[in-house]
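Breakdown of the fold
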Amino acid sequence: MTVTLEVSDGVGTIRLDRPPMNALDVATQDRLRELAEEATRRDDVRAVVLYGGEKVFAAGADIKEMQAMDHAAMVVRSKGLQDAFTAVARIPKPVVAAVTGYALGGGCELALCADFRIAADNAKLGQPEILLGLIPGAGGTQRLARLVGPSRAKDLIFTGRHVRAEEAAAIGLVDRVVPAAEVYEQAHAWAARLAKGPALALRAAKESVDAGLETDIDTGLTIERNWFAGLFATEDRERGMRSFVEEGPGKARFL
C-alpha cells in the first residue's frame, strides 16, 4: 500500500509510503481519500498525524504520470485530486502534519490540509507548479492564501521557489520547527494530547473556525453560537463543568 493508517492511543497516523519521494500518483491520491474517510468514521481515531517518513514528506505529484494526461483526462482527474485532499482537510478531528525533507507541490498542499504543521529543521516547502507551466491544483491557491495571506502566497506560487523551515515558520506556513529526529515524536505527542480531549467540542471548534473563515462574520458567529449551545447537550460538557467545580480547572477526563 502506498498509504497506510495505523492507530495507537487514539492517534491515527496516515503514512505515505511510496519511495523514494512519496510522489502522489493517482493510486496514492485515491488511497489517501479512502483512509481520510476511514479516520473520520473510526471512533478509536481521535486525532491524526500526516507523515511521510524520516526522509521526505511528499515531493509532489507524479510528473511522469501527469505528462501522459491530456486536457480531457485532467478535467476528469482534477476533481478526484481535489476530493482526496478535501477529505483530509475535512477530517473532523485534530490533524497535524509531521513534515520532513521536501513538501513540494502536492506535498505542500497536503500539509496545508492539517490544522497544525511541525517541520524538521531541514524541511523545504513550496509550490513549484509554475515551473511546469501550471498552477497548484490540489488546493494550493486557496489554502495557502488563507494561511499566509495573498501576497506571500502569490510570491511562492508565482516564483515556484522553495522555502526553508525557518522562513516557513516566519511567514506562518509551519507552526513549529524542531530537529529532524524529533518531528514525528512531537507531532504524535501533539495529537495524543488532543486525543484525550472532548471529541465533540474539538469537532465543534474545528468546524467553527474552518467554516467561519469561508463566510462573513455574522454567519460565522451563528455557526459558533449553534455549536456552543449544542454542546450543552453533551456528556463531555457535564463532565468538564462538574470537574471544574469539584476539582478545579484542567482536571477533567474525557472518554
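Structure: above.
Residues numbered from 1 in each chain as written. Predicted model: local features only at pLDDT ≥ 70, side-chain atom pairs only at ≥ 80, totals over all residues. Heavy atoms only, no water.

**Some thoughts on the pattern of salt bridges**
This is how the line gets drawn: Throughout this description, the term salt bridge denotes a Lys or Arg side-chain nitrogen within 4 Å of a carboxyl oxygen of Asp or Glu. Starting at the N terminus, helices and strands are each numbered in turn, a helix being any DSSP run of H or I of at least four residues and a strand any DSSP run of E of at least two. Working definition: with a 1.4 Å probe on protein chains only, accessible area under 20% of the residue-type maximum means buried, over 50% means exposed, and in between means partly exposed.
With the rule as written, the count across this model stands at 15 salt bridges. A salt bridge links K79 to D83; its shortest N-O distance comes to 2.9 Å. Within this pair, K79 and its partner D83 are both found in helix α3 (residues 71-89), separated by four residues, close to a single helical turn. On the basis of relative accessibility, which here comes to 31%, the residue D83 falls in the partly exposed class. With a closest N to O distance of 2.7 Å, E167 and R161 form a salt bridge. According to the relative accessible area criterion, E167 is partly exposed, its value standing at 30%. Accessibility expressed as a relative area gives 29% for R161, which makes it partly exposed.

**Here we look at the packing of helix α1 (residues 26-41) against α3**
We count it as follows: Throughout, an axis means a line fitted to C-alpha atoms (over the contacting stretch in the case of helices), and angles, computed between N-to-C directions, take values from 0 to 180 degrees. By definition, turning the near helix anticlockwise from the far helix through less than a right angle yields a left-handed crossing, and turning it clockwise yields a right-handed one. Every residue pair with non-hydrogen atoms within 4.5 Å of one another is taken to be in contact.
Interaxial distance between α1 and α3 falls to 8 Å at its minimum, and their mutual angle equals 35°. Considering how the two elements wind past one another, α1 and α3 form a crossing that is left-handed. Residues V26, Q29, D30, L32, R33, A36 and E37 of α1 form the contact with α3, whose participating residues are R77, L81, D83, A84, A87 and V88.

**Remarks on the nonpolar core**
Here is the rule we go by: Residues grouped as a nonpolar core are buried Ala, Val, Leu, Ile, Met, Phe, Trp, Tyr and Cys residues, joined through side-chain atoms within 4.5 Å.
In terms of nonpolar packing, the biggest core is built from 62 residues, with L50, F57, V99, L125 and L173 touching the most fellow members. The residues touching V99, leaving out its near neighbours within four places in the chain, are F57, A111, I118, A119, A120, A123, L125 and V183.

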